[in-house]
Amino acid sequence: MDKALLIQLGGSVAAVVLLVALAAWLGVTRATPPLDAEAARALLAQEFPDHRPGAVWIAADGAGVIARADALALVLYRRGDGYVARDLPWAAVAALKPTNGRLILRLADARPVLAVNDDVWPPKELA
């Protein structure tokens with residue numbers, strides 16, 4: 001290796017280290033906080049302005065929400081650094097059976113997994 005190649009390699013390594021440090025300092029990779037009741041209702045109101053859910057269920061790990069609005073299930077689940085909103089027929093969601101404390105929703109574009117306490121589904125507040 002000649003001297004010019006080593007200088008170029010060292011400059012590249014220094015630039016990558018600087019960019020990684022800058023990204024860490026700015027907090028680019030932030031964790032999505034779990035949802036609580038207030039945050040879930042605010043997010044539901046923002047994502048589904050035409051629907052008023054009567055009951056809201058928050059997953060045990062706070063990574064998802066299922067709300068019932070008449071014959072619809074309004075679903076929010078964590079994806080990346082945000083939440084994705086979908087609506088499904090309530091009958092399809094109510095018919096799901098949890099396995100090993102997890103409720104797996106089958107959507108056209110994803111398979112979100114929501115944590116369920118005691119394998120009880122649907123919870124009494126949604127039924």
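Quick caveat, the model's predicted, so the values are computed rather than measured. (Residues numbered from 1 in each chain as written. Predicted model: local features only at pLDDT ≥ 70, side-chain atom pairs only at ≥ 80, totals over all residues. Heavy atoms only, no water.)

S.K.: Give a detailed account of the sheet that holds strand S1 (residues 55-58), specifying residues and quantitative values.
M.R.: Pairing between the strands of a sheet comes from backbone hydrogen bonds, and it takes one of two forms, parallel or antiparallel. On the basis of which strands lie adjacent, the open sheet formed by 4 strands has the order S1-S2-S3-S4 and antiparallel pairing. Pairing within the sheet leaves two strands with one partner each, and these edge strands are S1 and strand S4 (82-89). Along the sheet, successive strands turn relative to each other by an average axial angle of 20°, direction set aside. Note that strand S3 (residues 72-79) and S4 share 8 bridges and pair antiparallel. Across the sheet, residue Ala73 finds its bridge partner in S4, namely Leu88. (Pairing = 2+ DSSP bridges. Helix = DSSP H or I, 4+ residues; strand = E, 2+ residues; numbered from the N terminus. Axes fitted to C-alpha atoms, helices over the stretch in contact; angles between N-to-C directions.)

S.K.: How would you explain the environment of His51 if you had to name every residue and give the values?
M.R.: By the element assignment, His51 lies in the loop between helix H2 (37-47) and S1. Spatially, the C-alpha atoms of His51 and Ala69 are 6.5 Å apart, while their sequence positions differ by 18 residues. Contact partners of His51, with chain neighbours within four places excluded, come to Ala69, Leu72 and Leu74. (Contact = heavy atoms within 4.5 Å.)

S.K.: Pulling in residues and values, what's your account of the side chain of Thr32?
M.R.: The topology assignment puts Thr32 in the loop between helix H1 (3-26) and H2. Looking at Thr32, its side chain comes within polar contact range of the main-chain oxygen of Gly80, at 3.3 Å. Within the structure, Thr32 has its side chain in polar contact with the backbone oxygen of Asp81 (distance 3.4 Å). Setting aside residues up to four positions removed in sequence, Thr32 forms contacts with Arg78, Gly80, Asp81, Gly82 and Tyr83. (Polar contact = N/O pair within 3.5 Å; in protein donor to acceptor, adjacent residues only side chain to side chain.)

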